[in-house]
Amino acid sequence: MAGSSIATPAAAAWVTDFLNAAYYARPENERDAGDLRLAHGILTSYWATRRGRLGLRHLIAMNRAFGARRVRDRGRLDHEALLAGGRALLGDWFEQAWQDPDRRAHGIAFETRAQRVAFDPARRLRRAALKALSPPRDSPDDQHWATYDPVLLPDAQAALALIADPARWPDMGSANGRFTALRPGGLKRQTFEIEVAAEPVPRSPVFTRGYVTCTTAHLAEGLELESAVAELALKYERGSGGTDRILPGAARPLALVVLTTHEGHFLGRGLSHLLVWQDTAGVWIRDVGAWDPLPPHLAVAYSAFGRKAQREFWGPEPAQRSMLAQLAIVS
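Figured I'd write up the structure that's included with this text. (Residues numbered from 1 in each chain as written. Predicted model: local features only at pLDDT ≥ 70, side-chain atom pairs only at ≥ 80, totals over all residues. Heavy atoms only, no water.)

Attention now goes to unusual backbone geometry. In this chain, E317 is followed by P318 through a cis amide linkage whose omega measures 0 degrees. Among the secondary structure elements, P318 is positioned in the loop between α9 (296–314) and α10 (323–330). Its identity as a non-glycine residue notwithstanding, R74 has a phi of 55 degrees, on the positive side. Tracing the backbone through its elements, the reader meets R74 in the loop between α3 (59–72) and α4 (79–90). The exposed category is assigned to R74, whose relative accessible area is 69%. Look at R189: it is not a glycine, yet its phi comes out positive at around 70 degrees. Along the chain, R189 turns up in the loop between β5 (177–181) and β6 (191–201). (Helix = DSSP H or I, 4+ residues; strand = E, 2+ residues; numbered from the N terminus. Buried < 20%, exposed > 50% of the residue type's maximum accessible area, 1.4 Å probe, protein only.)

Below is the structure:
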């Protein structure tokens, strides 16, 4: 699952160098996941205006737009330098378009709203590594179950609206990864490409990708949601040995989204359950993961850095690395 849907292998070095300059090579206290989303947005917006994937030939234009700005900051790019370089690379319209929800979708800024509406996210499929769905085969008792501390959602309505719109999922991307929709339309049956960044060595991100499809989407209260959450709670208690509960006692479920892996995913055959509920302390979201025992090659990678990255990605902190924390902040 190495490689990129928008960049050729020949572009891997300069794309990684650009993302380093915007985030990974910056001091820890100067890193901002919003700047990393902006850097990805510049790359993806540039790709959307080209034919084919980004390659070595596009390095010249990137150097013209960002080279002098990087020299002034010891090879790095802060927020203003990213915006200025984006304007130089794409046009004076870029900054306003990036800040305009009507002209930003799929992590791309569009010059006009008409271009946003006309864009087909399936363009990524031409170079995707999408394979068949791979849900767990083992019984819930034999699967590996994991969940993490929940994240408080200060504006639940806005957060649920973002979750329901696949075109906006890149807006909650974190330093550990981001989801990008591969098809037009709504959340149910939507397929996402997950770009995951591991940092086994400081300032040296390693990127890989995986794919999931939303196979269940309960976004409104009712009997269907209550039944699905009750079934999930029972499976979790069986699979985890009854050591924990996925919901506090007085919780009221608000939404449940289930993402099913495709073959080649770094967690093998698995499910990710995004569960939203309300209790006396507020509205919360957490992930409940379930997957078959990993084959040896995936088990080694998971033990080395996957477990830590997964905990950071779905947990509340560090916020820069957590997609759910970014959802809370952005929404």
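A word on the environment of N20. When you line up the elements, N20 lands in helix α1 (residues 12–24). In this structure, the C-alpha to C-alpha distance between N20 and R76, residues 56 residues apart in sequence, is 7.7 Å.

Enumeration according to the criterion identifies 13 aromatic pairs in this entry. Their ring planes at 75 degrees and their centres at 5.9 Å tell us that F179 and F192 sit as a pair that is edge-to-face. Highlighted residues: F179 in strand β5 and F192 in strand β6, separated in sequence by 13 residues. The class of F179 is buried, set by a relative accessible area of 3%. The class of F192 is buried, set by a relative accessible area of 0%. Lying across the ring of W98, R104 places its NZ or CZ 5.5 Å from the centre. Taking the ring centre of W47 as reference, the NZ or CZ of R124 above it sits at 5.7 Å. (Phe/Tyr/Trp six-rings, centres within 6.5 Å; stacked < 30°, edge-to-face > 60°. Lys NZ or Arg CZ within 6 Å of the ring centre and 35° of its normal.)

A few words now on the pattern of salt bridges. Following the criterion strictly, the structure yields 15 salt bridges and no others. The residue D17 makes a salt bridge to R70 at a minimum N-O spacing of 2.5 Å. Of this pair, D17 sits in helix α1 while R70 sits in helix α3; the two residues are 53 residues apart in sequence, bridging distant segments of the chain. Accessibility expressed as a relative area gives 36% for D17, which makes it partly exposed. Of the charged contacts in the structure, one is a salt bridge between K235 and E231, with a shortest N-O distance of 3.4 Å. A residue pair is termed a helical-turn pair when its members lie 3 or 4 positions apart in one helix, as K235 and E231 do in helix α8 (residues 223–239) at 4 residues. (Salt bridge = Lys/Arg side-chain N within 4 Å of Asp/Glu carboxyl O.)

In this section: α4. With 12 residues, α4 should cover 16 Å at 1.5 Å per step; its first-to-last C-alpha distance of 16 Å lies within 8% of that length. Looking only at α4, the buried set comprises A81, L82, L83, A84, G85, G86, L89 and L90. Buried positions along α4 lie against α1, α2 (33–48), α3 and α5 (94–98). Its side-chain oxygen placed 3.3 Å from the backbone nitrogen of E80, D78 serves as the N-cap of α4. Once α4 finishes, G91 follows within two positions and takes phi at roughly 135 degrees, a positive value. (Expected span 1.5 Å × (residues − 1). Contact = heavy atoms within 4.5 Å. Polar contact = N/O pair within 3.5 Å; in protein donor to acceptor, adjacent residues only side chain to side chain.)

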